[in-house]
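Residue-level structure breakdown
Now for the letters of each chain:
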Amino acid sequence: MFVFKAAVVGAGTMGGEIAQVIAAAGVPVVLKDIDQRFVDAGLAKAREVTQGQVAKLVAKERITAEQAEAQVETLLGRIQGTLAYEDLGDVDFVVEAVPEKMAIKQTVFSELDAATPGHAVLASNTSGLSITEIGDATSRPDKVVGFHFFWPASLMRLIEVVEGDETSPETAQAAAAFAQAIRRMPVRCGECPGFVVNRILMSLAAEMWRYQDESGVSAEAIDEYVADQKLAPMGPFRLADMTGLDTGLKVARDMVEAYGDRFYVHQGMEALVAAGHLGRKSGKGFYAYDG
Ligand SMILES: NC(=O)c1ccc[n+]([C@@H]2O[C@H](COP(=O)([O-])OP(=O)(O)OC[C@H]3O[C@@H](n4cnc5c(N)ncnc54)[C@H](O)[C@@H]3O)[C@@H](O)[C@H]2O)c1
(Lines give C-alpha, C1' and ligand atoms only; values in the text may rest on other atoms or scores of the structure.)
Protein backbone atom coordinates (compact mmCIF):
# COMPACT_ATOMS: atom_id res chain seq x y z
CA MET A 1 0.00 0.00 0.00
CA PHE A 2 1.38 3.43 -0.93
CA VAL A 3 0.87 6.17 1.65
CA PHE A 4 -0.02 9.39 -0.22
CA LYS A 5 -1.14 11.16 2.94
CA ALA A 6 -0.85 10.34 6.65
CA ALA A 7 -2.27 11.66 9.92
CA VAL A 8 -0.97 11.88 13.47
CA VAL A 9 -3.57 12.17 16.24
CA GLY A 10 -2.27 13.71 19.47
CA ALA A 11 0.37 16.46 19.17
CA GLY A 12 2.11 16.03 22.54
CA THR A 13 5.55 14.74 23.55
CA MET A 14 5.55 12.25 20.64
CA GLY A 15 3.04 13.52 18.07
CA GLY A 16 4.79 16.70 16.87
CA GLU A 17 8.03 14.87 16.20
CA ILE A 18 6.29 11.92 14.56
CA ALA A 19 4.60 14.35 12.14
CA GLN A 20 8.04 15.90 11.49
CA VAL A 21 9.54 12.48 10.67
CA ILE A 22 6.72 11.71 8.23
CA ALA A 23 6.93 15.15 6.56
CA ALA A 24 10.73 14.88 6.32
CA ALA A 25 10.21 11.77 4.16
CA GLY A 26 8.07 13.84 1.75
CA VAL A 27 4.66 12.56 2.88
CA PRO A 28 1.94 15.16 3.60
CA VAL A 29 0.57 14.73 7.12
CA VAL A 30 -2.35 16.08 9.15
CA LEU A 31 -1.60 16.71 12.85
CA LYS A 32 -4.74 16.61 15.00
CA ASP A 33 -5.30 17.43 18.66
CA ILE A 34 -8.25 18.58 20.77
CA ASP A 35 -7.08 22.11 21.52
CA GLN A 36 -5.34 24.63 19.22
CA ARG A 37 -2.68 25.23 21.91
CA PHE A 38 -1.55 21.61 21.62
CA VAL A 39 -1.63 21.67 17.81
CA ASP A 40 0.51 24.83 17.86
CA ALA A 41 2.95 23.25 20.34
CA GLY A 42 3.27 20.18 18.08
CA LEU A 43 3.91 22.35 15.01
CA ALA A 44 6.46 24.40 16.98
CA LYS A 45 8.25 21.19 17.97
CA ALA A 46 8.34 20.03 14.34
CA ARG A 47 9.79 23.42 13.33
CA GLU A 48 12.41 23.35 16.12
CA VAL A 49 13.56 19.84 15.17
CA THR A 50 13.77 20.73 11.46
CA GLN A 51 15.69 23.93 12.18
CA GLY A 52 18.15 21.92 14.25
CA GLN A 53 18.63 19.44 11.41
CA VAL A 54 19.25 22.05 8.70
CA ALA A 55 21.53 24.10 11.00
CA LYS A 56 23.90 21.11 11.03
CA LEU A 57 23.94 21.06 7.22
CA VAL A 58 24.66 24.81 7.13
CA ALA A 59 27.50 24.36 9.65
CA LYS A 60 29.02 21.70 7.37
CA GLU A 61 28.55 24.09 4.40
CA ARG A 62 26.39 21.56 2.59
CA ILE A 63 23.61 24.12 2.12
CA THR A 64 23.32 27.89 2.50
CA ALA A 65 21.29 29.66 5.19
CA GLU A 66 18.70 30.64 2.54
CA GLN A 67 18.38 27.04 1.36
CA ALA A 68 18.02 25.94 4.98
CA GLU A 69 15.18 28.39 5.57
CA ALA A 70 13.46 27.21 2.36
CA GLN A 71 13.80 23.56 3.46
CA VAL A 72 12.20 24.32 6.81
CA GLU A 73 9.24 26.04 5.14
CA THR A 74 8.83 23.22 2.58
CA LEU A 75 8.80 20.59 5.31
CA LEU A 76 6.46 22.55 7.58
CA GLY A 77 4.22 23.15 4.56
CA ARG A 78 3.57 19.40 4.45
CA ILE A 79 2.15 19.40 8.02
CA GLN A 80 -1.43 20.59 8.37
CA GLY A 81 -2.52 21.26 11.94
CA THR A 82 -6.20 20.63 12.66
CA LEU A 83 -8.86 20.10 15.31
CA ALA A 84 -11.31 18.51 12.84
CA TYR A 85 -11.69 14.86 11.85
CA GLU A 86 -12.98 16.03 8.42
CA ASP A 87 -9.35 16.68 7.48
CA LEU A 88 -8.62 12.95 7.81
CA GLY A 89 -11.07 11.99 5.03
CA ASP A 90 -8.35 11.14 2.50
CA VAL A 91 -5.52 9.68 4.59
CA ASP A 92 -4.01 6.23 4.06
CA PHE A 93 -2.18 5.74 7.36
CA VAL A 94 -2.86 7.16 10.84
CA VAL A 95 -0.49 7.16 13.82
CA GLU A 96 -2.41 7.68 17.05
CA ALA A 97 -0.36 9.30 19.87
CA VAL A 98 -2.95 10.25 22.52
CA PRO A 99 -2.45 9.52 26.26
CA GLU A 100 -1.74 5.94 27.34
CA LYS A 101 -5.27 5.14 28.58
CA MET A 102 -7.38 2.40 27.00
CA ALA A 103 -10.66 4.35 27.26
CA ILE A 104 -9.16 7.34 25.39
CA LYS A 105 -7.54 5.12 22.77
CA GLN A 106 -10.78 3.22 22.13
CA THR A 107 -12.79 6.44 21.76
CA VAL A 108 -10.22 7.85 19.34
CA PHE A 109 -10.09 4.62 17.31
CA SER A 110 -13.85 4.46 16.96
CA GLU A 111 -13.80 8.11 15.80
CA LEU A 112 -10.96 7.32 13.38
CA ASP A 113 -12.92 4.35 12.06
CA ALA A 114 -15.75 6.72 11.12
CA ALA A 115 -13.53 9.56 9.85
CA THR A 116 -10.99 7.79 7.62
CA PRO A 117 -11.35 5.86 4.34
CA GLY A 118 -12.03 2.13 4.72
CA HIS A 119 -8.62 1.13 3.35
CA ALA A 120 -6.67 3.27 5.86
CA VAL A 121 -4.37 1.56 8.37
CA LEU A 122 -5.01 2.74 11.94
CA ALA A 123 -1.77 2.46 13.92
CA SER A 124 -1.20 3.12 17.61
CA ASN A 125 1.98 4.47 19.19
CA THR A 126 0.97 2.79 22.45
CA SER A 127 3.87 1.81 24.71
CA GLY A 128 2.13 -1.34 25.90
CA LEU A 129 -1.67 -1.41 25.65
CA SER A 130 -3.33 -4.31 23.84
CA ILE A 131 -3.63 -3.72 20.09
CA THR A 132 -6.41 -6.33 20.04
CA GLU A 133 -8.47 -4.34 22.57
CA ILE A 134 -7.85 -1.08 20.72
CA GLY A 135 -8.90 -2.76 17.46
CA ASP A 136 -12.13 -3.98 19.12
CA ALA A 137 -13.35 -0.37 19.09
CA THR A 138 -13.33 -0.36 15.27
CA SER A 139 -15.08 -2.19 12.44
CA ARG A 140 -11.66 -2.98 10.92
CA PRO A 141 -9.52 -4.71 13.59
CA ASP A 142 -7.57 -6.36 10.76
CA LYS A 143 -6.26 -2.88 9.84
CA VAL A 144 -5.23 -1.93 13.40
CA VAL A 145 -1.57 -2.35 14.34
CA GLY A 146 0.97 -1.08 16.86
CA PHE A 147 3.52 1.42 15.52
CA HIS A 148 5.73 2.22 18.49
CA PHE A 149 8.25 5.04 18.09
CA PHE A 150 10.82 5.93 20.75
CA TRP A 151 11.60 9.30 22.26
CA PRO A 152 12.91 11.46 20.70
CA ALA A 153 11.13 10.26 17.55
CA SER A 154 13.16 12.52 15.26
CA LEU A 155 16.39 10.77 16.31
CA MET A 156 15.44 7.23 17.27
CA ARG A 157 15.52 4.87 14.30
CA LEU A 158 13.49 1.95 15.64
CA ILE A 159 9.76 1.36 15.33
CA GLU A 160 8.13 -1.70 16.90
CA VAL A 161 5.37 -2.97 14.58
CA VAL A 162 3.06 -4.81 16.96
CA GLU A 163 0.52 -7.36 15.74
CA GLY A 164 -2.72 -7.85 17.66
CA ASP A 165 -4.82 -11.04 17.39
CA GLU A 166 -6.81 -9.61 14.48
CA THR A 167 -4.05 -7.66 12.68
CA SER A 168 -3.80 -9.04 9.13
CA PRO A 169 -0.41 -9.96 7.64
CA GLU A 170 -1.07 -7.32 4.93
CA THR A 171 -1.49 -4.61 7.58
CA ALA A 172 1.68 -5.60 9.46
CA GLN A 173 3.52 -5.63 6.14
CA ALA A 174 2.10 -2.21 5.16
CA ALA A 175 3.17 -0.78 8.54
CA ALA A 176 6.68 -2.21 8.21
CA ALA A 177 6.93 -0.80 4.67
CA PHE A 178 5.72 2.63 5.85
CA ALA A 179 8.31 2.57 8.66
CA GLN A 180 11.01 2.05 6.04
CA ALA A 181 9.52 4.74 3.79
CA ILE A 182 9.96 7.25 6.65
CA ARG A 183 13.54 6.02 7.17
CA ARG A 184 12.96 3.93 10.24
CA MET A 185 13.86 0.33 11.09
CA PRO A 186 10.75 -1.79 11.76
CA VAL A 187 10.93 -4.61 14.30
CA ARG A 188 7.88 -6.85 14.14
CA CYS A 189 6.70 -8.33 17.41
CA GLY A 190 3.67 -9.87 19.06
CA GLU A 191 1.54 -8.17 21.65
CA CYS A 192 3.00 -8.64 25.13
CA PRO A 193 3.66 -6.22 28.01
CA GLY A 194 6.60 -3.94 27.20
CA PHE A 195 6.94 -5.40 23.70
CA VAL A 196 10.72 -5.75 23.13
CA VAL A 197 12.45 -2.48 24.00
CA ASN A 198 10.57 -1.45 27.14
CA ARG A 199 10.96 -4.93 28.55
CA ILE A 200 14.73 -4.42 28.44
CA LEU A 201 14.79 -0.70 29.27
CA MET A 202 12.37 -0.96 32.20
CA SER A 203 14.32 -3.80 33.81
CA LEU A 204 17.44 -1.62 33.80
CA ALA A 205 15.54 1.42 35.05
CA ALA A 206 13.83 -0.68 37.74
CA GLU A 207 17.15 -1.47 39.41
CA MET A 208 18.08 2.20 39.56
CA TRP A 209 14.62 3.28 40.75
CA ARG A 210 14.66 0.61 43.47
CA TYR A 211 18.16 1.64 44.52
CA GLN A 212 17.12 5.30 44.78
CA ASP A 213 14.05 4.49 46.93
CA GLU A 214 16.05 2.17 49.20
CA SER A 215 19.25 4.21 49.57
CA GLY A 216 17.93 7.77 49.44
CA VAL A 217 20.82 8.75 47.12
CA SER A 218 19.50 11.69 45.10
CA ALA A 219 18.00 11.19 41.65
CA GLU A 220 20.39 13.86 40.39
CA ALA A 221 23.45 11.98 41.66
CA ILE A 222 22.33 8.76 39.95
CA ASP A 223 21.61 10.59 36.69
CA GLU A 224 25.01 12.31 36.80
CA TYR A 225 26.77 9.01 37.37
CA VAL A 226 25.00 7.29 34.48
CA ALA A 227 25.76 10.20 32.11
CA ASP A 228 29.38 10.66 33.31
CA GLN A 229 30.13 6.97 32.90
CA LYS A 230 28.49 7.10 29.44
CA LEU A 231 26.25 4.18 30.39
CA ALA A 232 23.45 6.01 28.53
CA PRO A 233 22.95 9.52 27.09
CA MET A 234 21.01 10.46 30.25
CA GLY A 235 20.05 8.88 33.56
CA PRO A 236 16.67 7.24 34.30
CA PHE A 237 15.16 10.17 36.22
CA ARG A 238 16.00 12.77 33.56
CA LEU A 239 14.74 10.39 30.86
CA ALA A 240 11.48 9.82 32.75
CA ASP A 241 11.00 13.61 33.01
CA MET A 242 11.59 14.05 29.27
CA THR A 243 9.26 11.26 28.21
CA GLY A 244 6.48 12.08 30.73
CA LEU A 245 6.09 10.65 34.24
CA ASP A 246 2.44 9.65 33.66
CA THR A 247 3.46 7.53 30.66
CA GLY A 248 6.48 6.06 32.49
CA LEU A 249 4.44 5.22 35.59
CA LYS A 250 1.77 3.47 33.54
CA VAL A 251 4.36 1.34 31.74
CA ALA A 252 6.15 0.49 35.02
CA ARG A 253 2.89 -0.54 36.69
CA ASP A 254 1.95 -2.72 33.72
CA MET A 255 5.36 -4.41 33.78
CA VAL A 256 5.07 -5.22 37.51
CA GLU A 257 1.55 -6.55 36.98
CA ALA A 258 2.71 -8.74 34.08
CA TYR A 259 6.12 -9.93 35.29
CA GLY A 260 6.20 -9.36 39.06
CA ASP A 261 8.98 -7.84 41.13
CA ARG A 262 11.69 -8.16 38.49
CA PHE A 263 10.24 -4.75 37.64
CA TYR A 264 9.60 -1.84 39.99
CA VAL A 265 7.35 1.19 40.45
CA HIS A 266 9.36 4.13 41.84
CA GLN A 267 7.67 5.66 44.90
CA GLY A 268 8.95 9.16 44.17
CA MET A 269 7.51 8.98 40.66
CA GLU A 270 4.14 7.88 42.03
CA ALA A 271 4.11 10.86 44.41
CA LEU A 272 5.05 13.32 41.66
CA VAL A 273 2.31 12.08 39.32
CA ALA A 274 -0.26 12.17 42.16
CA ALA A 275 0.70 15.83 42.68
CA GLY A 276 0.23 16.59 38.95
CA HIS A 277 3.96 16.87 38.20
CA LEU A 278 4.43 15.02 34.92
CA GLY A 279 8.00 16.04 34.01
CA ARG A 280 9.08 18.53 31.39
CA LYS A 281 5.65 18.81 29.73
CA SER A 282 4.08 20.14 32.97
CA GLY A 283 7.11 22.22 34.03
CA LYS A 284 8.12 20.01 36.98
CA GLY A 285 9.11 16.44 37.64
CA PHE A 286 12.30 15.17 39.25
CA TYR A 287 13.70 18.47 37.98
CA ALA A 288 12.14 21.94 37.45
CA TYR A 289 11.83 23.43 33.94
CA ASP A 290 11.48 27.02 32.81
CA GLY A 291 8.98 27.81 30.08
N1 LIG B 1 6.51 9.91 25.86
C2 LIG B 1 7.24 8.92 25.36
O3 LIG B 1 8.45 8.85 25.51
C4 LIG B 1 6.59 7.86 24.52
C5 LIG B 1 7.41 7.01 23.76
C6 LIG B 1 6.81 6.06 22.95
C7 LIG B 1 5.43 5.95 22.93
N8 LIG B 1 4.66 6.78 23.70
C9 LIG B 1 3.21 6.64 23.62
O10 LIG B 1 2.70 7.68 22.79
C11 LIG B 1 1.39 8.04 23.24
C12 LIG B 1 1.37 9.52 23.51
O13 LIG B 1 2.30 9.80 24.52
P14 LIG B 1 2.86 11.28 24.76
O15 LIG B 1 3.98 11.14 25.72
O16 LIG B 1 3.07 11.97 23.47
O17 LIG B 1 1.59 11.94 25.52
P18 LIG B 1 1.31 13.47 25.82
O19 LIG B 1 0.48 13.50 27.03
O20 LIG B 1 2.57 14.27 25.78
O21 LIG B 1 0.44 13.94 24.55
C22 LIG B 1 -0.82 13.42 24.25
C23 LIG B 1 -1.56 14.41 23.35
O24 LIG B 1 -2.80 13.83 22.97
C25 LIG B 1 -3.78 14.84 22.99
N26 LIG B 1 -5.10 14.23 23.06
C27 LIG B 1 -5.78 13.77 24.14
N28 LIG B 1 -6.98 13.29 23.78
C29 LIG B 1 -7.06 13.44 22.43
C30 LIG B 1 -8.06 13.15 21.47
N31 LIG B 1 -9.21 12.58 21.82
N32 LIG B 1 -7.82 13.46 20.17
C33 LIG B 1 -6.66 14.04 19.80
N34 LIG B 1 -5.67 14.34 20.67
C35 LIG B 1 -5.87 14.05 21.98
C36 LIG B 1 -3.41 15.68 24.20
O37 LIG B 1 -4.02 16.96 24.12
C38 LIG B 1 -1.90 15.72 24.08
O39 LIG B 1 -1.46 16.83 23.28
C40 LIG B 1 1.08 7.16 24.45
O41 LIG B 1 0.39 6.02 24.03
C42 LIG B 1 2.48 6.78 24.93
O43 LIG B 1 2.48 5.57 25.66
C44 LIG B 1 5.21 7.75 24.47
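This text goes with the structure placed above it.
Bear in mind the structure is a predicted one, so any value in this text is a computation, not a measurement.

1. Examining helix 7 (residues 197-215)
An ideal rise of 1.5 Å per residue puts 27 Å on 19 residues; helix 7 measures up with 27 Å between its terminal C-alpha atoms. For helix 7, the set of buried residues is Asn198, Met202, Ala205, Ala206, Trp209, Arg210 and Gln212. Structurally, helix 7 contributes buried residues whose contacts are with strand 6 (144-148), helix 8 (219-228), helix 9 (236-243), helix 10 (245-259) and helix 11 (267-274). One or two residues past the end of helix 7 sits Gly216, with phi positive at roughly 80 degrees.

2. A short note on the pattern of salt bridges
Counting across every chain of the model gives 13 salt bridges. The partner of Lys5 in a salt bridge is Asp90, with the nearest N and O atoms 3.0 Å apart. You can see Lys5 sitting in the segment before strand 1 (6-9) and its partner Asp90 sitting in the loop between strand 3 (79-82) and strand 4 (93-96), a full 85 residues away along the chain. You can call Asp90 partly exposed: its relative accessible area is 45%. For Asp113, the salt bridge is made with Arg140, and the minimal N-O distance between the two is 2.8 Å. Residue Asp113 is found in helix 4 (residues 102-115), and its partner Arg140 is found in the loop between helix 5 (131-135) and strand 6; the two are separated by 27 residues along the sequence. Under the relative-accessibility criterion, Arg140 is labelled buried at 6%. Where salt bridges share partners, they join Glu17, Lys45 and Glu48 into one cluster.

3. Section: a negative patch on the surface
A cluster of acidic residues, Glu133, Asp136, Asp165 and Glu166, forms a negative patch at the surface. On the secondary structure map, Asp165 appears in the loop between strand 7 (158-163) and helix 6 (169-181). Its relative accessible area of 63% is what places Asp165 among the exposed residues.

Cut-offs and rules
Residues numbered from 1 in each chain as written. Predicted model: local features only at pLDDT ≥ 70, side-chain atom pairs only at ≥ 80, totals over all residues. Heavy atoms only, no water. Helix = DSSP H or I, 4+ residues; strand = E, 2+ residues; numbered from the N terminus. Expected span 1.5 Å × (residues − 1). Buried < 20%, exposed > 50% of the residue type's maximum accessible area, 1.4 Å probe, protein only. Contact = heavy atoms within 4.5 Å. Salt bridge = Lys/Arg side-chain N within 4 Å of Asp/Glu carboxyl O. Patch = residues over 30% accessible without salt bridge, like charges linked within 9 Å, V, L, I, M, F, W, Y side chains within 5 Å. Areas by Shrake-Rupley, 256 points an atom, 1.4 Å probe, with all protein chains shown as cover. Lys, Arg positive; Asp, Glu negative; His and termini not counted. Charge placed at Lys NZ, Arg CZ, Asp CG, Glu CD.

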